[in-house]
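# Structural overview
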Amino acid sequence: MKALTVRQPWAWALVHGRQTSEWRTWPTKYRGNLLIHAGLGLDPEGYELYPEAFDNLVHGAIIGSVAVVNCIELGHRDYEWVLQDPLVLATPVPCKGKLGIWNAPKDVTVTPSW
């Protein structure tokens, strides 16, 4: 399955359905389920938007998934990836992240937390 590494708390916001778009400087033609990997980095600006997330942030693991349904060009080097169907994994899967869209380890299974 394909995966994308995102800094916290944005990764948390994606899998909890609090953020339905991801903004990138590059477009994607990929459509379908995408695992969300919470990177090691932390963006402190996100604390103002999602203060409830900071008590339980996971880093360095796949924490859930979303479905990429569209990619909209907003301007020079600005793209909005439109996302749906957020899902939080019952158990985060520790692994190293990568740049771009990458292939997740084969042993990753998507089991919802509900």
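Data block above holds the structure.
The paragraphs below set out a description of the structure included in this document.

Definitions and limits used
- Residues numbered from 1 in each chain as written.
- Predicted model: local features only at pLDDT ≥ 70, side-chain atom pairs only at ≥ 80, totals over all residues.
- Heavy atoms only, no water.
- Helix = DSSP H or I, 4+ residues; strand = E, 2+ residues; numbered from the N terminus.
- 1 Å grid on protein atoms, 1.4 Å probe; cavity = no way out; pocket = protein on both sides within 12 Å on 5 of 7 lines; lining within 4 Å.
- Points joined across faces, edges and corners; volume = space filled by probe spheres on them.
- Nonpolar A, V, L, I, M, F, W, Y, C, P; charged D, E, K, R; others polar.
- Pairing = 2+ DSSP bridges.
- Axes fitted to C-alpha atoms, helices over the stretch in contact; angles between N-to-C directions.

Here the residue pair Gln-8 and Pro-9 is connected by a cis peptide bond, since its omega of 5 degrees sits within 30 degrees of zero. Positive phi, normally seen in glycine, also occurs at Arg-77, with a value near 60 degrees. Position of Arg-77 among the secondary structure elements: in the loop between β4 (61-75) and β5 (78-94). Residue Asp-85 is not a glycine yet carries a positive backbone phi of 55 degrees.

Another aspect to go through is empty space enclosed by the protein. Counting across every chain of the model gives 1 cavity of 30 Å³ or more. What lines the largest cavity is Leu-14, Gly-17, Gln-19, Thr-20, Val-66, Leu-83, Gln-84, Asp-85 and Pro-86. If you tally residues by element for the lining of the largest cavity, the top one is β5, at 4 residues. The residue inventory of the lining of the largest cavity, partitioned by class, reads 4 nonpolar, 4 polar and 1 charged.

Attention now goes to the sheet that holds β4. Pairing between the strands of a sheet comes from backbone hydrogen bonds, and it takes one of two forms, parallel or antiparallel. One open sheet holds the 6 strands; their spatial order is β2-β5-β4-β3-β1-β6, and the pairing between them is mixed. Each edge of the sheet is formed by a strand with only one pairing partner; in this case those strands are β2 (21-24) and β6 (101-103). Averaged over all neighbouring strand pairs, the angle between strand axes comes to 45 degrees, with direction disregarded.

This part takes up the pairing of β5. Relative to β5, β2 is paired through 4 bridges, and the arrangement is antiparallel. Residue pairing in the sheet places Trp-23 in a bridge with Glu-80 of β5. The sheet contact formed by β4 and β5 spans 11 bridges and is antiparallel. Across the sheet, the residue bridging to Gly-64 is Val-88, located in β5. Taking the residues that link successive antiparallel strands as the turn, the β4-β5 hairpin has 2 residues, and the phi of Arg-77 there is positive, at about 60 degrees.

Further remarks concern the layout of surface pockets. A volume near 200 Å³ is recorded for the largest pocket. Around the largest pocket, the lining residues are Thr-5, Val-6, Arg-7, Trp-10, Gln-19, Glu-22, Trp-23, Gly-97, Lys-98 and Leu-99. Residue contributions to the lining of the largest pocket peak at 3 residues, all from strand β1 (residues 2-8). Looking at the lining of the largest pocket residue by residue, the class counts come to 4 nonpolar, 3 polar and 3 charged.

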